[in-house]
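# Coordinate inspection notes
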Protein chains: 2
Amino acid sequence: MATRTTSSPDTSAHLLEIFKALANPVRLQVLQWLRDPEANFPVHHGIADPHEVGVCVSHIQDKLGLAQSTVSSYMATLERAGLVISTRVGKWTHYRRDEERIARFTAELGDVL
Amino acid sequence: MATRTTSSPDTSAHLLEIFKALANPVRLQVLQWLRDPEANFPVHHGIADPHEVGVCVSHIQDKLGLAQSTVSSYMATLERAGLVISTRVGKWTHYRRDEERIARFTAELGDVL
DNA sequence: ATATCATATCGATACTCTTCGAATCATCGA
DNA sequence: TCGATGATTCGAAGAGTATCGATATGATAT
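What comes next is a walk through the structure. Quick caveat: nothing in here was measured; it's all calculated off a predicted structure.

Moving on, we get to the protein's contact with DNA strand C. Around DNA strand C lies a shell of 19 residues, among which A:Ser58, A:Ser69, B:Asn24, B:Ala67 and B:Tyr74 are the nearest. Within the side chain of A:Gln68, one N or O atom sits 3.2 Å away from a base nitrogen of DNA strand C. In this structure, a sugar or linking oxygen belonging to DNA strand C sits 3.0 Å away from a side-chain N or O atom of A:Thr93. Among the secondary structure elements, those contributing two or more residues to the surface near DNA strand C are α5 (57-64), α6 (68-80) and β3 (92-97) of chain A together with α6 (68-80) of chain B. Tallied by class, residues from the surface near DNA strand C come to 7 nonpolar, 9 polar and 3 charged.

Here it is in structure tokens:
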């Protein structure tokens with residue numbers, strides 16, 4: 001039985017926010033990289049597996065080659081859209097995909113689009 | 001047997017173009033209105049059913065209350081993204097959803113996102 | 001406490017998008 | 001062919017986004 005843990009009505013405004021977040025090549029790329037953290041990022045300093053906590057901002061920044069402030073702001077945008085979840089472990093902020101909400105988005109998109 | 005008529009590989013660039021087209025409240029709204037032309041727009045002057053040809057720009061413009069040039073440009077954006085199809089009947093340009101491509105987009109989004 | 005490291009926020013600048021009105025193009029009817 | 005009507009294209013003003021460097025916050029270790 002798949003109980004819906006996270007609840008949020010996916011309003012039209014929120015739908016728009018998701019599309020805006022995805023309408024940028026860098027953010028879209030990062031989201032896709034995060035599908036397979038081990039394949040796309042170096043392992044983090046002894047921290048548990050990346051599927052748990054995610055990938056820290058510095059690694060994403062290294063791979064993108066953009067300013068740190070830029071990356072931070074992009075990740076915040078993705079988080080506001082509900083596409084990623086941030087977890088702070090010590091001084092590192094890790095981001096991982098919110099698979100549940102992404103799945104719900106792609107699944108229900110046909111009904112609302 | 002569902003044969004794929006329209007072929008286009010849905011490249012990452014095209015995916016981005018779709019998201020950009022959808023990342024605007026007006027364009028998103030029009031696309032949703034076009035799901036049910038009869039319910040959302042007045043019937044056009046004797047022309048066949050709106051599912052065939054679609055809705056003409058003037059009707060969309062009336063409903064939106066934006067300048068005609070603006071509406072025209074929005075519809076062109078939606079068309080470039082492959083979300084609508086335009087059909088010229090006399091002096092009227094009609095737009096309807098490209099249901100096949102929209103369906104493919106929503107169906108395959110889970111794989112690519 | 002303080003120095004240091006990872007992130008986040010702020011302020012500026014360049015670029016893109018939104019939206020308009022005016023000019024142009026296309027089609028129909030007289 | 002001419003004038004009217006619908007649509008597209010063009011050029012401009014304002015709003016929003018991308019991106020940076022500088023500064024601020026939060027955490028760790030000394």
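Listed per partner, the contact involves 22 residues of chain A and 22 residues of chain B. Buried surface at the junction of chain A and chain B, both sides included, amounts to about 1,800 Å², of which 70% is carbon and sulfur. When residues of chain A are sorted by the area they lose upon contact with chain B, A:Leu16, A:Phe19 and A:Leu113 head the list and together hold 32% of the total. Applying the counting rule to chain A against chain B returns 0 salt bridges. For the pair chain A and chain B, the number of links is 8 residue pairs in polar contact (both at pLDDT 80 or more).

Here we take up the nonpolar core. Formed by 56 residues in total, the largest nonpolar core has its most connected members in A:Phe19 and B:Phe19. Setting aside residues no more than four positions away along its own chain, A:Phe19 makes contact with A:Phe105, A:Leu109, A:Leu113, B:Phe19, B:Leu22, B:Ala23 and B:Leu28.

This next bit is on the pattern of salt bridges. Residue and element names in this part refer to chain A. Applying the stated criterion to the full structure yields 2 salt bridges over all chains. Across the pair arginine 97 and glutamate 99 runs a salt bridge, and its minimum N-O distance is 2.8 Å. Note on arginine 97: relative accessible area 8%, which makes it buried. Judged by its relative accessible area of 42%, glutamate 99 falls in the partly exposed class.

Attention now moves to the protein's contact with DNA strand D. Not every one of the 18 residues close to DNA strand D is listed here, only the nearest: A:Asn24, A:Ser69, A:Thr70, A:Tyr74 and B:Ser58. Across the atoms of DNA strand D situated within 4 Å of the protein, the share located in sugar and phosphate is 68%. Here a phosphate oxygen of DNA strand D sits 2.7 Å away from a polar atom, N or O, in the side chain of A:Asn24. In the model, a phosphate oxygen of DNA strand D is placed 3.2 Å from a nitrogen or oxygen of the A:Arg27 side chain. Of all the secondary structure elements, the ones that give two or more residues to the surface near DNA strand D are α6 of chain A together with α5 (57-64), α6 and β3 (92-97) of chain B.

Calculation rules
- The residue count restarts for each chain, going from 1 along the sequence in the order it is written.
- By the order in which they are written, chains take letters starting at A while ligands take numbers starting at 1.
- Given that the model is predicted, a residue must reach a pLDDT of at least 70 before its local features are reported, and side-chain atom pairs must reach 80 or more before they are shown or counted; all residues, however, enter totals for whole chains, interfaces and linings.
- Just so you know, side-chain values use all the structure's heavy atoms and leave hydrogens and water out.
- Proximity is defined per residue: any heavy atom of the residue falling within 4 Å of a molecule or strand makes that residue near it.
- N or O atoms closer than or at 3.5 Å make up a polar contact, with two conditions inside protein: a donor-capable atom paired with an acceptor-capable one, and, for residues adjacent in sequence, both atoms drawn from side chains.
- For helices the rule is a DSSP run of H or I covering at least 4 residues; for strands it is a run of E covering at least 2, with both sets numbered from the N terminus onward.
- Gly is placed with the polar residues, together with every amino acid not listed as nonpolar (Ala, Val, Leu, Ile, Met, Phe, Trp, Tyr, Cys and Pro) or charged (Asp, Glu, Lys and Arg).
- Pairs of residues are marked as contacts when any of their non-hydrogen atoms sit within 4.5 Å.
- A simple way to read buried area is as the amount of 1.4 Å-probe accessible surface that goes missing from two parts once joined, with both sides added.
- Salt bridge, as applied in this entry: a Lys or Arg side-chain nitrogen positioned within 4 Å of an Asp or Glu carboxyl oxygen.
- Throughout this description, the term nonpolar core refers to a set of buried Ala, Val, Leu, Ile, Met, Phe, Trp, Tyr and Cys residues connected via side-chain atoms within 4.5 Å.
- Only protein chains enter the calculation, and the probe is 1.4 Å; a residue is then buried if its accessible area is under 20% of its type maximum, exposed if over 50%, and partly exposed in between.

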